[in-house]
Amino acid sequence: MTFQIPKGLFDIIPYPETEAWKLSKNWQYVESVIKKLCLDYNYLEIRTPIFEKTDLFLRGVGESSDIASKELYTFEDKAKRLMSLRPEGTACVMRAFIENKMAFDRKIHKLYYIGPMFRYDRPQKGRYRQHHQFGIECIGSNNYKYDAEVIDMLLSLFNRLKIKNLKLLINSIGDFESRENYKNALLKFLKPKENLLSQDSKDRLIKNPLRILDSKDKSDQEIIKEAPVILDFLTKEAKDRFNSLLSLLDDLKIKYKIDHKLVRGLDYYDDTVFEIIRDDLGAQNSLGGGGRYNKLLKSLKGEDLPGIGFACGIERVIQTLIDQEIEINQLDSLFLYIIPLTDKSLEYTFKLTKELRDHLVPTEVEKDITKLPKALSNASKLKAQYALIIGDDEINNKKALLKNLATREQKTISFDKLKIFLNDLYHKI
Ligand code: AMP
């Protein structure tokens with residue numbers, strides 16, 4: 001029997017190039033753009049474990065959400081404690097923030113993470129049981145300028161990656177009072193139509209009516225079209241805040257569409273919610289989204305600090321780059337392939353290779369004597385930029401032959417200048 005990867009998972013591999021979105025060089029490229037973005041926006045990395053006590057997710061994500069109620073990968077450890085693979089990053093970051101007493105170090109905390117998340121969902125293109133997220137959390141201020149900065153940051157990522165056809169959807173779910181008023185109005189509207197709702201929505205009517213707004217069920221959606229909209233129920237304060245944010249986005253020339261159905265149906269979410277979707281795709285079109293969570297930290301028994309964040313799916317970002325045929329910048333690849341032609345040169349080339357690597361020049365060497373055409377084709381397969389050929393003549397004359405594998409130009413270089421020459425050649429590229 002051969003082993004197969006469990007359903008809904010995938011490998012990230014360097015080759016073969018059959019499915020470009022799985023190629024590790026594409027992942028490295030996107031991750032390098034993310035890391036530079038975080039540096040530019042002053043975000044620092046946080047890494048938390050991939051599993052936590054199950055309770056953290058039930059409280060931190062909310063028991064009524066699909067992620068916590070249906071999709072958790074939960075197991076008992078040997079001491080019969082319930083653990084779950086993390087389905088998202090925010091609850092983990094909050095737990096780490098509280099436990100490591102990070103609040104006392106500074107006023108504003110700008111944290112980012114990149115890592116795998118696990119959800120037991122029905123797999124399909126763009127939806128996996130292990131997927132990867134880049135996320136940020138900005139803790140410590142309720143100033144709407146942070147909301148604008150966070151939204152701008154996610155859009156900047158997509159701009160830097162040259163992704164096109166995106167739409168920013170935005171909404172405000174106001175403060176607690178706004179939502180209570182809205183919930184009452186929504187219930188009043190939905191109650192008479194209860195029989196027409198899907199079973200999921202019927203359940204949510206009791207547990208969390210706001211979440212009915214993002215139901216994917218066709219007949220639910222028909223009903224919701226006529227439902228009251230939350231913006232009409234915002235308190236003056238919440239409305240002013242939302243308007244200030246929108247005019248700041250206008251100043252930054254960030255285009256948005258207000259989407260009344262966009263809600264985060266969890267009690268500790270406040271005010272701003274947003275999502276960036278692909279306009280050229282129907283299903284699984286969300287590349288990332290986020291919102292403000294002013295009561296989350298406190299609800300997890302932490303400090304009473306407000307926050308805002310987003311999470312973005314890396315698989316979907318890479319698939320978008322491929323779908324939109326966007327050129328993916330090649331990061332560092334193999335620079336030099338050294339080819340010894342005789343026993344005498346084998347010893348010299350092996351040592352030379354180590355010295356070049358010590359000087360940070362990416363180098364590979366043939367370990368066996370191989371015929372020159374075969375060795376050159378090995379070098380091309382590895383996409384090396386140069387080949388360095390050394391046989392008995394070269395050893396006797398203390399000179400090596402350097403071949404540019406793209407232009408086919410050749411040049412001889414004496415052994416005493418070799419290391420400096422190759423070093424310079426590589427580092428000035
Ligand atoms: P969420 O925490 O559900 O808001 O997800 C944040 C982002 O992660 C989404 O916008 C997607 O890009 C991505 N994402 C969520 N679930 C999955 C999944 N099962 N497979 C792949 N990407 C996902």
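Figured I'd write up the structure that's included with this text. Owing to the predicted nature of the structure, the values given are computational and were not obtained by experimental measurement.

## As for the sheet that holds strand 13 (residues 363-365)
Part 1: In space, the 5 strands of this open sheet follow the order 13-12-14-15-16, with mixed pairing throughout. Both edges of this open sheet fall to strand 13 and strand 16 (410-414), since each of them pairs with a single strand only. Each neighbouring strand pair of the sheet contributes to a mean axis angle of 25 degrees, computed without reference to strand direction.
Part 2: Those strands touched by helix 12 (residues 343-358) are strand 12 (336-340), strand 13 and strand 14 (386-390), and its axis lies near 165 degrees from that of strand 12.
Part 3: Sheet contacts for helix 13 (residues 372-381): strand 12, strand 14 and strand 15 (399-404); angle to strand 12, the most-contacted strand, approximately 165 degrees.

## Considerations on the nonpolar core
Part 1: Ranked by internal contacts, the top residues of the largest apolar core, which has 92 residues, are Val 30, Tyr 43, Phe 134, Met 153, Leu 157, Phe 158 and Leu 161.
Part 2: Broken down by element, the residue count for this core peaks at 8 residues, all from helix 5 (residues 144-160).
Part 3: Those residues in contact with Leu 157 that sit more than four places away from it in its chain are Val 33, Ile 34, Leu 37, Phe 134 and Cys 312.
Part 4: Formed by 19 residues, the second largest nonpolar core is a distinct cluster that contains Ile 338, Leu 356, Val 365 and Ile 413.

## A closer look at the site of the ligand
Part 1: Of all residues adjacent to the ligand, which total 13 residues, the nearest are Arg 119, Gly 126, Tyr 128, Ser 286 and Gly 313.
Part 2: Residue Gly 126 places a main-chain N or O atom 3.5 Å away from a nitrogen atom belonging to the ligand.
Part 3: Here a nitrogen atom of the ligand and a backbone polar atom of Tyr 128 are 2.9 Å apart.
Part 4: In isolation the ligand exposes 480 Å². Once the protein is present, 86% of that is buried.
Part 5: Take the shell around the ligand: its biggest share by element is 3 residues, from strand 10 (residues 286-292).
Part 6: Split by residue class, the shell around the ligand holds 3 nonpolar, 6 polar and 4 charged.

## A look at the pairing of strand 9 (residues 270-278)
Part 1: Among the 9 residues that make up strand 9, 8 are buried, leaving the element largely enclosed by the rest of the structure.
Part 2: In the sheet, strand 7 (residues 166-172) pairs with strand 9 via 7 bridges, with the strands oriented antiparallel. By the bridge assignment for strand 9, Lys 167 is matched with Ile 277.

## A few points about the pattern of salt bridges
Part 1: Tallied over the entire structure, the rule returns 31 salt bridges.
Part 2: With its nearest N and O atoms 2.9 Å apart, the salt bridge here joins Lys 22 to Glu 19.
Part 3: For Lys 22, a relative accessible area of 18% gives the class buried.
Part 4: A residue is classified by how much of its surface remains accessible, and Glu 19, at 39% relative accessible area, is partly exposed.
Part 5: The partner of Lys 36 in a salt bridge is Asp 40, and the shortest N-O contact between them spans 2.5 Å. With a gap of 4 residues between them, Lys 36 and Asp 40 both fall in helix 1 (residues 24-40), about one helical turn apart.

## Observations regarding the packing of aromatic side chains
Part 1: Scanning all chains against the criterion turns up 13 aromatic pairs.
Part 2: Over the ring of Tyr 120 we find Arg 129, and its NZ or CZ is 3.9 Å from the ring centre.

## Digging into the environment of Val 229
Part 1: Take Val 229: it is sitting in the loop between helix 8 (218-225) and helix 9 (236-251).
Part 2: With relative accessibility at 22%, the residue Val 229 sits in the partly exposed group.
Part 3: Through-space distance from the C-alpha of Val 229 to that of Lys 261 is 7.8 Å; in sequence the pair is 32 residues apart.
Part 4: Discounting chain neighbours no more than four positions away, the residues touching Val 229 are Tyr 182 and His 260.

## Looking at helix 7 (residues 199-207)
Each full turn of the α-helix corresponds to 3.6 residues, which orients residues three or four apart in the same direction.
Part 1: Every buried residue of helix 7 is listed here: Ser 201, Arg 204 and Leu 205. All buried residues of helix 7 lie within an arc of 115 degrees about the axis, which places them on one face of the element. Opposite the packed face of helix 7, turned more than 90 degrees from it, sit the exposed residues Gln 199, Ile 206 and Lys 207.
Part 2: Considering only its buried residues, helix 7 is in contact with helix 3 (66-69), helix 6 (176-190) and helix 8.

## Topic: helix 15 (residues 415-427)
Part 1: Over its 13 residues, helix 15 runs 19 Å from end to end, which matches the ideal 18 Å to within 8%, given 1.5 Å per residue.
Part 2: Turning to helix 15, its buried residues are Phe 415, Leu 418, Leu 422, Asn 423, Leu 425 and Tyr 426.
Part 3: Looking at the packing, one finds that the buried side of helix 15 touches strand 12, helix 12, strand 14, helix 14 (392-397), strand 15 and strand 16.

About the thresholds
Residues numbered from 1 in each chain as written. Predicted model: local features only at pLDDT ≥ 70, side-chain atom pairs only at ≥ 80, totals over all residues. Heavy atoms only, no water. Pairing = 2+ DSSP bridges. Helix = DSSP H or I, 4+ residues; strand = E, 2+ residues; numbered from the N terminus. Axes fitted to C-alpha atoms, helices over the stretch in contact; angles between N-to-C directions. Contact = heavy atoms within 4.5 Å. Core = buried A, V, L, I, M, F, W, Y, C linked by side-chain atoms within 4.5 Å. Buried < 20%, exposed > 50% of the residue type's maximum accessible area, 1.4 Å probe, protein only. Near = heavy atom within 4 Å. Polar contact = N/O pair within 3.5 Å; in protein donor to acceptor, adjacent residues only side chain to side chain. Areas by Shrake-Rupley, 256 points an atom, 1.4 Å probe, with all protein chains shown as cover. Nonpolar A, V, L, I, M, F, W, Y, C, P; charged D, E, K, R; others polar. Salt bridge = Lys/Arg side-chain N within 4 Å of Asp/Glu carboxyl O. Phe/Tyr/Trp six-rings, centres within 6.5 Å; stacked < 30°, edge-to-face > 60°. Lys NZ or Arg CZ within 6 Å of the ring centre and 35° of its normal. Arc of directions from axis to C-beta. Expected span 1.5 Å × (residues − 1).

These figures capture arrangement, not role.
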